[in-house]
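Residue-level structural notes
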There are 2 protein chains.
Amino acid sequence: MVKIAILGLGVVGTGVAEVLAQNAEKVSSSAADEIVLKYVLDIRDCSGSPFADLVVPDFDRILADPEIRVVVETIGGVGAAYDFTKRALEAGKSVVTSNKELVAAHGYELLTIAKEQNANYLFEASVGGGIPILRPISQCLAANEITEIYGIVNGTTNYILTEVAKGVPFETALKDAQALGYAEQDPTADIEGHDACRKICILGSLAFGQHIYPSQVPTEGISKITPEDMLYANSVGRKIKLLGRALRTDSGKIAVYVAPHLIHTSALLAHIDGVCNGIDVRGNALGDVLFYGPGAGKLPTASAVVADVIDCAKHLHARKYLAWSKGGPDIASDPGTLPSRWYVRTPKGGDKAFGPVEHLSCEGQNPDHIAFLTGPISQQDLAPKLAAANACCAFRLLD
Amino acid sequence: MVKIAILGLGVVGTGVAEVLAQNAEKVSSSAADEIVLKYVLDIRDCSGSPFADLVVPDFDRILADPEIRVVVETIGGVGAAYDFTKRALEAGKSVVTSNKELVAAHGYELLTIAKEQNANYLFEASVGGGIPILRPISQCLAANEITEIYGIVNGTTNYILTEVAKGVPFETALKDAQALGYAEQDPTADIEGHDACRKICILGSLAFGQHIYPSQVPTEGISKITPEDMLYANSVGRKIKLLGRALRTDSGKIAVYVAPHLIHTSALLAHIDGVCNGIDVRGNALGDVLFYGPGAGKLPTASAVVADVIDCAKHLHARKYLAWSKGGPDIASDPGTLPSRWYVRTPKGGDKAFGPVEHLSCEGQNPDHIAFLTGPISQQDLAPKLAAANACCAFRLLD
């Protein structure tokens, strides 16, 4: 029997308790042991919860209980979550989380403590919700040098972009996303790409073995994308999606960024709509594989957390796969030097500075604007041309 | 240092040796140990191969060498491959393979021997080529009751269907597939669905924990699909794809079959073209996740084999995840009882027996035929109507 505690009875924490209860038989069979939820840490009134009997208000009681071998951190953020995770690992307890902000900020430190204590720190649910992605990267692709990883890693913005592409105004799509529970009341972290940034940091750190910090990742959100841009994109068989992308450059360094891209409909990613996520991993032997599924949601996320709990229960005295080194400024390459073709929209006459371009047209286009596709050019070289043309927006083409 | 042997220096065997050599650093780092290829078993003249120095002609030498801890079986078929695998496992050596025919036929027996000997029998590459699928099913989805698994699991037929949909005649598409190395000289196993049948047997066995044998799986290939059927499908926003499908029915039994399906383009599977594979797994907590990538090919398949070799090297004295029970006739439910909507093409006037149907039309349609979509009906109940109407073909709609 392996006893566990859940820290924080919010949406994901409640989902974890529910999956443990509902799928108890499958969970025990997978773990080859019974997994018992002993405590739930929360300081709010949880009297309405079916798990109210398990609620304790202070972490020290969980920390001091030697029966607790695995702690599930579903608090979020980098405050109490960081403190409790660190202390649990230092006490030799394994920790499982869906907290991408904490892993992106302190993953190297926490993984190092876990290693020292022969405990595990697992966070499959921190990227792609219920989609298996971190474990496949480290285990199934173990024979590959990974050259690139990119994808739709934020369900909220993908939902909004999908709705806007149908003709729904941005503000309405955002309000719908909030009403459906996809977006927070303050949607900044999603809309401005910060959430996607944290996730591509985790994916890149694992794929390339060096901690990539959010501060190293140029991040652009979706607020500049208009319905007109989507129509222009459609006119050349493309969709606009927000991607996180990490790749090894010719110099051996790693370029990481978050930005909208125009993706051709011949690529599967272009067809990933709504709150779903899709992540493409490219290996030197394998080529491209893509992982698709629900990128968020209570039960999908909880199911990934519980899979990690099962893995911890099976490896109470053995280290699992996750590890990367400290990173640092010298590993990062400026993505501004990466050449690609670009979609550009400018006031009329703004195309002159860009050399030969492919002009676009769409139904109901603003007569004062023009839109076109450039040839391959780096962002650095593009920037002065965009400034000279007083450009409205510029988005990369994915291949 | 872990020493291994490859049985059979064909396409996949050569690929395994190449990946081990080319990605030696990554492989050693992933395994936390050096993996050394000591022998290659082949009885043909391999003097032109870069691995010629390692070739031995008799299996007994490999079997008798206590240094060999992992054996890679890339012989194929159920003859020597079965014999050698059994003897290697009985000798306590772990075995890794891409041989779907052997796993589908004898997986339970071989997994049982592996368990008795505390060795591993791993076969990630047997389904979906380089796509991580078996490990995610058993590890990442460990907290889920899997309710259904289905997908495009044969790259050759998917290539042919993709070409035929572009207007290429079937025979030309088949010849191209052979020229490109996708199809065998005798393409029966692909075209008639036998290869897909073996793969859905393996997926279903793992997902539901009971060995499903190919003889339990009604299997229909792609030879009845015409370009006209594809045009009719297009007219209602659908594509025709060959799917393997395994699901738990209300009775708790498992229904498994292989057949062409009309898939709506709102589903990602409809956009999987060429030799690629895509597999959808449905869990009770997770919902649907999809795994996509190269379903065949020397290096992708080899990269999955080498990932399994790494896993064996890391678990020389521990059992890995793969296991299922013996199965038997009482676990199988007749897929003929599963209701679905159907696409039917008959000679003119053949729609009368089917009740209210949705008639289809397409460009250049044969004036002597009609095509329509039925309401939900089981295959058993459909069969007499098809016979009465002298129907040309009938394919299920996926949802």
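Before any of the text, the structure's been laid out above.
Source: prediction; values computed, not measured. (Residues numbered from 1 in each chain as written. Chains lettered and ligands numbered in written order. Predicted model: local features only at pLDDT ≥ 70, side-chain atom pairs only at ≥ 80, totals over all residues. Heavy atoms only, no water.)

1. A few points about the sheet that holds strand 6 (residues 121-122) of chain A
All names here are of chain A. Rules: Paired strands, in this sense, are two strands between which DSSP finds at least two bridges. Each helix is a run of H or I in the DSSP string that is no shorter than four residues. Each strand is a run of E no shorter than two, and both are numbered from the N terminus. For this analysis, residues touch if any pair of their heavy atoms sits within 4.5 Å. To get an axis, fit a line to the C-alpha atoms, keeping to the stretch in contact for a helix; angles then go from 0 to 180 degrees between the N-to-C directions.
Across the sheet, which stays open at both edges, the six strands sit in the order 3-2-1-4-5-6 with parallel pairing between neighbours. With one partner strand each, in any of the chains shown, strand 3 (55-56) and strand 6 form the two edges of the open sheet. With respect to the sheet, helix 1 (residues 11-22) is in contact with strand 1 (2-7), strand 2 (35-41) and strand 4 (68-73), its orientation differing from that of strand 1 by roughly 155°.

2. Considerations on the relation of the copies chain A and chain B
Applicable threshold: A residue counts toward the fit only if its pLDDT is at least 70 in both copies, and the copies are then superposed by least squares on the C-alpha atoms of those residues.
The operation relating chain A to chain B is a screw motion whose rotation component is 180°, with 0.0 Å of axial translation and a residual RMSD of 0.0 Å. Taken together, the rotation angle and the small translation identify this as a two-fold axis. Taking the C-alpha atom as reference, chain A places A:Phe291 closest to the rotation axis, 2.5 Å from it.

3. Focus: the packing of aromatic side chains
Residues and elements named next belong to chain A. Defined as follows: Aromatic pairs are defined between Phe, Tyr and Trp rings, using the six-membered ring for Trp, whenever the two ring centres lie within 6.5 Å; interplanar angles under 30 degrees are classed as stacked, those over 60 as edge-to-face, and all others as tilted. For a Lys NZ or an Arg CZ to count as sitting over a ring, it must be within 6 Å of the ring centre and within 35 degrees of the ring normal.
Across all of its chains, the model carries 15 aromatic pairs over all chains by this definition. An aromatic cluster is present here, built from Tyr121, Phe123 and Trp324 joined pairwise through their rings. Taking NZ or CZ as reference, arginine 396 lies 4.9 Å from the ring centre of tyrosine 257, over its face.

4. Observations concerning the state of the cysteines
Test applied: Cysteine sulfur atoms that come within 2.5 Å of each other are treated as a disulfide pair. Burial here depends on accessible area, computed with a 1.4 Å probe over protein chains only, as a share of the maximum for the residue type. Under 20% is buried, over 50% is exposed, and the range in between is partly exposed.
With the rule as written, the count across this model stands at zero disulfides over all chains. B:Cys276 takes part in no disulfide bond, and the closest cysteine sulfur to it belongs to A:Cys140, at a distance of 17 Å. Note on B:Cys276: relative accessible area 16%, which makes it buried.

5. Here we look at the pattern of salt bridges
All names here are of chain A. Rule in force here: For this document, the term salt bridge refers to a Lys or Arg side-chain nitrogen within 4 Å of an Asp or Glu carboxyl oxygen.
In this structure the tally under the stated criterion is 42 salt bridges over all chains. Note that arginine 87 and aspartate 83 form a salt bridge whose closest N and O atoms lie 3.2 Å from each other. Pair noted here: arginine 87 and aspartate 83 are both in helix 4 (residues 80-90), with a separation of four residues, about one helical turn. Residue arginine 341 is joined to glutamate 358 by a salt bridge in which the shortest nitrogen-to-oxygen separation is 3.3 Å. Separated by 17 residues along the polypeptide, arginine 341 in the loop between strand 13 (339-340) and strand 14 (342-347) and glutamate 358 in strand 15 (residues 358-360) bring together distant segments of the chain. The partly exposed category is assigned to glutamate 358, whose relative accessible area is 35%.

6. Digging into the interface of chain A and chain B
Interfaces are often sized by the amount of accessible area the parts lose when they come together. To be explicit about the condition: By definition, the buried area sums, over both parts, the 1.4 Å-probe accessible area that each loses when the two are put together. Polar contact is the term for a pair of N or O atoms within 3.5 Å; when the atoms are in protein, one must be able to donate a hydrogen and the other to accept it, and sequence-neighboring residues count only if both atoms are side-chain atoms. All residues other than Ala, Val, Leu, Ile, Met, Phe, Trp, Tyr, Cys, Pro, Asp, Glu, Lys and Arg, Gly among them, are scored as polar; the first ten of these are nonpolar and the last four charged.
Contacts between the two partners involve 37 residues from chain A, matched on the other side by 37 residues from chain B. For the chain A and chain B pair, buried surface summed over both sides reaches about 3400 Å², with 60% attributable to carbon and sulfur atoms. Here chain A and chain B share zero salt bridges between them. For the pair chain A and chain B, the number of links is 13 residue pairs in polar contact (both at pLDDT 80 or more). Going through the elements one at a time, helix 2 (24-31), helix 6 (134-140), strand 11 (287-294) and helix 12 (298-314) of chain A are the ones with two or more residues in the side of chain A that touches chain B. The dominant element in the side of chain A that touches chain B, judged by the number of residues it contributes, is strand 11 of chain A, at seven residues. Class assignment of the residues belonging to the side of chain A that touches chain B gives a composition of 23 nonpolar, nine polar and five charged. Both strand 11 of chain A and strand 11 (residues 287-294) of chain B contribute to a ladder of three bridges, which runs antiparallel. If you follow A:Phe291 over to strand 11 of chain B, its bridge partner there is B:Phe291.

7. Notes on helix 7 (residues 155-165) of chain B
Note on helix geometry: an α-helix contains 3.6 residues per turn, so any two residues three or four positions apart are oriented the same way. All names here are of chain B. Summarising burial for helix 7: 10 of the 11 residues are buried, a large majority. Of the residues making up helix 7, those classed as buried are Gly155, Thr156, Thr157, Asn158, Tyr159, Ile160, Leu161, Thr162, Glu163 and Val164. On its buried face, helix 7 is in contact with strand 7 (146-152), helix 8 (170-179), helix 9 (188-191), helix 11 (227-235), strand 8 (238-248) and strand 10 (276-283). In this structure asparagine 154 caps helix 7, since a side-chain oxygen of it lies 3.2 Å from the backbone nitrogen of threonine 156. Glycine 167, located one to two residues past helix 7, shows a positive phi value of around 105°.

8. Some remarks on the pairing of strand 8 (residues 238-248) of chain A
All names here are of chain A. Burial analysis of strand 8 places nine of its 11 residues in the buried class, which makes it a mostly covered element. Across four bridges, the pairing between strand 7 (residues 146-152) and strand 8 is antiparallel. In the strand pairing of strand 8, tyrosine 150 is matched with arginine 245. Relative to strand 9 (residues 254-264), strand 8 runs antiparallel, the two sharing 11 bridges. Counterpart to arginine 245 in the pairing with strand 9 is tyrosine 257. Taken together, strand 8 and the strand that follows it, strand 9, pair antiparallel across an intervening segment of five residues, in which glycine 252 is found at a positive phi of about 90°.

9. Details of the packing of helix 4 of chain A against helix 5 (residues 100-116) of chain A
All names here are of chain A. Where we set the bar: Our angle categories are set so that under 35 degrees counts as roughly parallel, over 145 as roughly antiparallel, 65 to 115 as roughly perpendicular, and the remainder as oblique. By convention, the crossing between two helices is left-handed when the near helix turns anticlockwise from the far helix through less than a right angle, and right-handed when the turn is clockwise.
Remark: helix 4 packs on helix 5, axes separated minimally by 10 Å, with the N-to-C direction vectors making an angle of 15°. If you check the angle between helix 4 and helix 5, you find them roughly parallel. In this structure, helix 4 crosses over helix 5, and the sense of that crossing is right-handed. Where helix 4 approaches helix 5, its residues Ala81, Tyr82, Thr85, Lys86, Leu89 and Glu90 are matched on the opposing element by Leu102, His106, Glu109, Leu110, Ile113 and Ala114.

10. Examining the sheet that holds strand 4 (residues 68-73) of chain B
All names here are of chain B. With respect to topology, six strands assemble into an open sheet ordered 3-2-1-4-5-6, the strand pairing being parallel. The open sheet has two free edges, formed respectively by strand 3 (55-56) and strand 6 (121-122), since each of these has just one partner strand. As judged from the five bridges shared by strand 1 (residues 2-7) and strand 4, these two strands associate in the parallel manner. Paired with alanine 5 across the strands is valine 71, a residue of strand 4. Against the sheet, helix 1 (residues 11-22) contacts strand 1, strand 2 (35-41) and strand 4, and its axis sits at roughly 155° relative to strand 1.

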